[in-house]
Amino acid sequence: MTERKVSLIVSKGGLDDAYPALILGNAARQSGIEASIFFTFYGLDVITQSKVDHLHVNLVGNATSPMPTMVAGLPGMENLAARMMSKRMEDLDLPGPREMLEILEESGVDLYGCELAMKMFDRARDDLVPQVRDVITAGDFFDISEGAQIVFT
Amino acid sequence: MSERSDGAIEQKLEALSAQVSTLVDHQRRRDELFFEFAPILKEMMAAATDELDELDRRGYFKFGREMLNALDNVVQGYSAGDVAALAASIVGILDTVRALTQPHVLKVVAQAGELVERGDSARPVGLLGSVRATREEDVQRGIAVMLDVLRALGKGAEQADRRARMHRHLAPRSQRRGHPSPRTSTGKPEITKPTAKPTAKPATTGAVSAAAHAPPKEARTIAGAALTQEGFLADSQQWTPAIAVAIAHELGIAKLDDRHWQLVDAIRADYDETGSSPNIRRMAKVSGLSTRDIYALFPNAPGKCAAKIAGVPKPVGCI
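For every chain, the first residue of the written sequence is number 1, and numbering continues from 1 along that sequence. Chain letters start at A and ligand numbers start at 1, both assigned in the order the entries are written. Only residues with pLDDT of at least 70 are given local features in this predicted model, and only at 80 or more are side-chain atom pairs given and counted; all residues enter the totals for whole chains, interfaces and linings. Each side-chain value is derived from all of the structure's non-hydrogen atoms; neither hydrogens nor water enter the calculation.

**Observations concerning a negative patch on the surface**
Residue and element names in this part refer to chain A.
Okay, so step 1: The patches described consist of residues with a relative accessible area above 30% and no salt bridge, like charges being joined within 9 Å and nonpolar side chains (Val, Leu, Ile, Met, Phe, Trp, Tyr) within 5 Å. Where accessible areas are quoted, they stem from the Shrake-Rupley method and a 1.4 Å probe; at the residue level, only the protein chains shown are allowed to cover. Any carboxyl oxygen of Asp or Glu that lies within 4 Å of a side-chain nitrogen of Lys or Arg is treated as forming a salt bridge with it. Positive charges are assigned to Lys and Arg, negative charges to Asp and Glu, while His and the chain termini are left out of the count. To locate a charge, take NZ of a lysine, CZ of an arginine, CG of an aspartate or CD of a glutamate. A cluster of acidic residues, Glu-115, Asp-134, Asp-140, Asp-143 and Glu-146, forms a negative patch on the protein surface.
Okay, so step 2: Looking at the element boundaries, Asp-143 is found in helix 6 (residues 138-144).
Okay, so step 3: Buried means the residue's accessible area, taken with a 1.4 Å probe over protein chains only, is under 20% of the maximum for its type, while exposed means over 50%, and partly exposed covers the values in between. For Asp-143, a relative accessible area of 57% translates into the label exposed. In this text, helices come from DSSP runs of H or I with a minimum length of four residues, and strands from runs of E with a minimum of two, each type numbered from the N-terminal end.

**Examining the packing of aromatic side chains**
Okay, so step 1: Any two of the Phe, Tyr and Trp rings considered here, Trp counted by its six-membered ring, make a pair once their centres fall within 6.5 Å; the pair's planes then place it as stacked at under 30 degrees, edge-to-face at over 60, or tilted in between. Summed over the entire model, instances satisfying the criterion amount to 5 aromatic pairs over all chains.
Okay, so step 2: Taking 5.4 Å as the distance between ring centres and 45° as the angle between the ring planes, the aromatic pair formed by Tyr-42 of chain A and Phe-121 of chain A counts as tilted. With a gap of 79 residues between them, Tyr-42 of chain A in the loop between strand 2 (34-39) and helix 2 (69-72) and Phe-121 of chain A in the loop between helix 5 (115-120) and strand 4 (134-136) connect regions that are remote in the sequence.
Okay, so step 3: Taking the relative accessible area as the measure of exposure, Phe-121 of chain A reaches 26% and is therefore partly exposed.
Okay, so step 4: Ring centres of Phe-141 of chain A and Phe-142 of chain A lie 5.6 Å apart, and the angle between their planes is 65°; on these two criteria the pair is classed as edge-to-face.
Okay, so step 5: Residue placement shows Lys-308 of chain B over the ring face of Phe-232 of chain B; its charged tip is 5.5 Å from the ring centre. A ring is scored as having a charge over it whenever the NZ atom of a lysine or the CZ atom of an arginine sits within 6 Å of its centre and within 35 degrees of its normal.

**Concerning the nonpolar core**
Okay, so step 1: For the purposes of this section, nonpolar cores are sets of buried Ala, Val, Leu, Ile, Met, Phe, Trp, Tyr and Cys residues that join through side-chain atoms within 4.5 Å. One finds Leu-22, Ile-37, Phe-38, Phe-39, Ile-47, Leu-101 and Leu-111 of chain A to be the most contacted residues of the largest nonpolar core, which totals 43 residues.
Okay, so step 2: Those elements that place two or more of their residues in this core are strand 1 (5-10), helix 1 (15-30), strand 2, helix 3 (77-91), helix 4 (97-107), strand 3 (110-114) and helix 5 of chain A.
Okay, so step 3: With 7 residues, helix 1 of chain A is the single largest residue contributor to this core.
Okay, so step 4: Any two residues having at least one pair of non-hydrogen atoms within 4.5 Å are treated as being in contact. If near-sequence neighbours (up to four positions away) are discounted, Phe-39 of chain A is found in contact with Val-10, Leu-22, Leu-44, Val-46, Ile-47, Leu-101, Leu-111, Tyr-112, Gly-113 and Cys-114 of chain A.
Okay, so step 5: Core analysis: the next-biggest nonpolar cluster, separate from the first, contains 28 residues, Leu-256, Ile-267, Ala-306 and Ile-309 of chain B among them.

**Overview of the environment of Gly-252 of chain B**
Okay, so step 1: When you line up the elements, Gly-252 of chain B lands in the loop between helix 10 (241-250) and helix 11 (258-274).
Okay, so step 2: Taking the C-alpha atoms as reference points, Gly-252 of chain B and Asn-300 of chain B, separated by 48 residues in sequence, lie 9.6 Å from one another.

**Digging into the side chain of Arg-268 of chain B**
Residue and element names in this part refer to chain B.
Okay, so step 1: Considering the arrangement of structural elements, one finds Arg-268 in helix 11.
Okay, so step 2: No salt bridge is formed by the buried Arg-268, whose closest oppositely charged neighbour, Asp-272, lies at an N-O distance of 5.0 Å.
Okay, so step 3: In protein, a polar contact requires one atom able to donate a hydrogen and another able to accept it; more generally it is a pair of N or O atoms within 3.5 Å, and residues adjacent in sequence count only if both atoms are side-chain atoms. From its side chain, Arg-268 meets the backbone oxygen of Ala-310 in a polar contact 2.6 Å long.
Okay, so step 4: When neighbours within four sequence positions are excluded, Arg-268 is seen to be in contact with Ser-236, Trp-239, Ala-310 and Gly-311.

**Comments concerning unusual backbone geometry**
Okay, so step 1: With a phi close to 50°, Phe-41 of chain A is a non-glycine residue in the positive phi region.
Okay, so step 2: Among the structural elements, Phe-41 of chain A can be located in the loop between strand 2 and helix 2.
Okay, so step 3: The phi dihedral of Ala-301 of chain B is positive, around 50°, even though this residue is not glycine.

**Focus: helix 4 of chain A**
Okay, so step 1: Considered for burial, the residues of helix 4 of chain A that qualify are Pro-97, Met-100, Leu-101, Ile-103, Leu-104 and Ser-107 of chain A. Across the axial projection of helix 4 of chain A, the buried residues extend over an arc of 165°, all falling on one side.
Okay, so step 2: Summarising the contacts, the buried residues of helix 4 of chain A are in contact with helix 1, strand 2 and strand 3 of chain A together with helix 12 (280-287) and helix 13 (291-297) of chain B.
Okay, so step 3: Once helix 4 of chain A ends, the next one or two residues include Gly-108 of chain A, with phi positive near 95°. What the arc describes is the spread of directions from the helix axis to the C-beta atoms.

**Looking at the packing of helix 11 of chain B against helix 14 (residues 302-310) of chain B**
If you want to describe how two helices pack, look at the angle between their axes and the distance between the axes.
Residue and element names in this part refer to chain B.
Okay, so step 1: Lines fitted to the C-alpha atoms define the axes, with helices restricted to the stretch that makes contact. Angles between their N-to-C directions range from 0 to 180 degrees. One can describe the packing of helix 11 onto helix 14 by two numbers: an axis separation of 9 Å at closest approach and a directional angle of 75°. When the axis of helix 11 is compared with that of helix 14, the two are roughly perpendicular. Counting all contacts with helix 11, which are made through Leu-263, Val-264, Ile-267 and Arg-268, the residues of helix 14 involved are Ala-306, Ile-309 and Ala-310.
Okay, so step 2: Residues are grouped as follows: Ala, Val, Leu, Ile, Met, Phe, Trp, Tyr, Cys and Pro are nonpolar; Asp, Glu, Lys and Arg are charged; all remaining types, including Gly, are polar. In the contact of helix 11 with helix 14, the residues fall into 6 nonpolar, no polar and 1 charged. For this classification, under 35 degrees means roughly parallel, over 145 means roughly antiparallel, 65 to 115 means roughly perpendicular, and everything else is oblique.

Printed below as a string of structure tokens:
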């Protein structure tokens, strides 16, 4: 098999934004493909200790959401939707985001935080989950991704 | 010696002559039968002709001819499948007719017709007016009935749609070309192109589609056991440790050590218990190894490799 490599970029911190990238990264490793994930901007929440267990589902401005935007904007709605989705994933025996990150690290997916986003949201290395391999710049990311297919999720 | 064989030949000849005489006898009786029956048959034919003549005078044949013409039209207009479908749904049709002709249904229809006739006197209603009208009890009941009708209609349409899709799916490939499925009809002109061709060369298109269906490779076997195209054991019951070693060797794993076997045994036990192949997460759970260990043991696509070696089907799912 030819050496395949994939780099995923996560720039949003919704549950529905994080999962596809986490699952794709895992699937890549399962198929023998090298994988790395770069968390930038709001995507940084996915690898932030205090946030990873409280990711929400984006309802407002989400054309596919079954809830009318007027209702979706009410306080607590996103929380409710996130809880419902988490429940659904639990039923399907899907691991939560934190466990997914653990699985990814064990599977050999390299997780990177974005340095600029770290400064912007005033986060330190200690605020991130231990599975993060390094905090790098966008330029570093492209160096690491040499020869890889880059996917912006 | 020769006397004995002479005797045998004589016996055979006697048996033969007996058979011949039986045959002749049969033939003679048959001739007699025909001879005796001929006048009776003639008499019967004459009687039958009179009878037919009478029927013809009464117009039976003309009627029959017309019926045949009508039948011909029906046969030309409908295929055998249509008639079979009609037979299958005749009860439904009769039920519908009966339901429609019930007195109370007819009464409702008559009332509706009356209202249409008196339509001139009805005042036009706008959006607000119709909203206001929904407060009337009769209107509310009417809406409820309408909704029920719509529901039934939708359900029926969905079933019909599903049936149509199923038929299209089951139809031979050459016929399916004519009806592009919703999935393929993205509106691009080149997709509809093949529809023009198949009538020109039916033989070749048939051959091509058959070739497209044929598996690209012969099914392989390893250590006497059949493999699927992707290299998984076709029948997990056939698994032996020797097959595991052979598959591992082919995957580039020279030797299976204790931890490999620990994982393989756990996978097989889990498959026997649940009836489905474990994914990597479950492999880790049932074997006691960590995900990291599993990736180390089977460096390239561990889920698939371990499943192949353990002789279970390809694991499904993304995790």
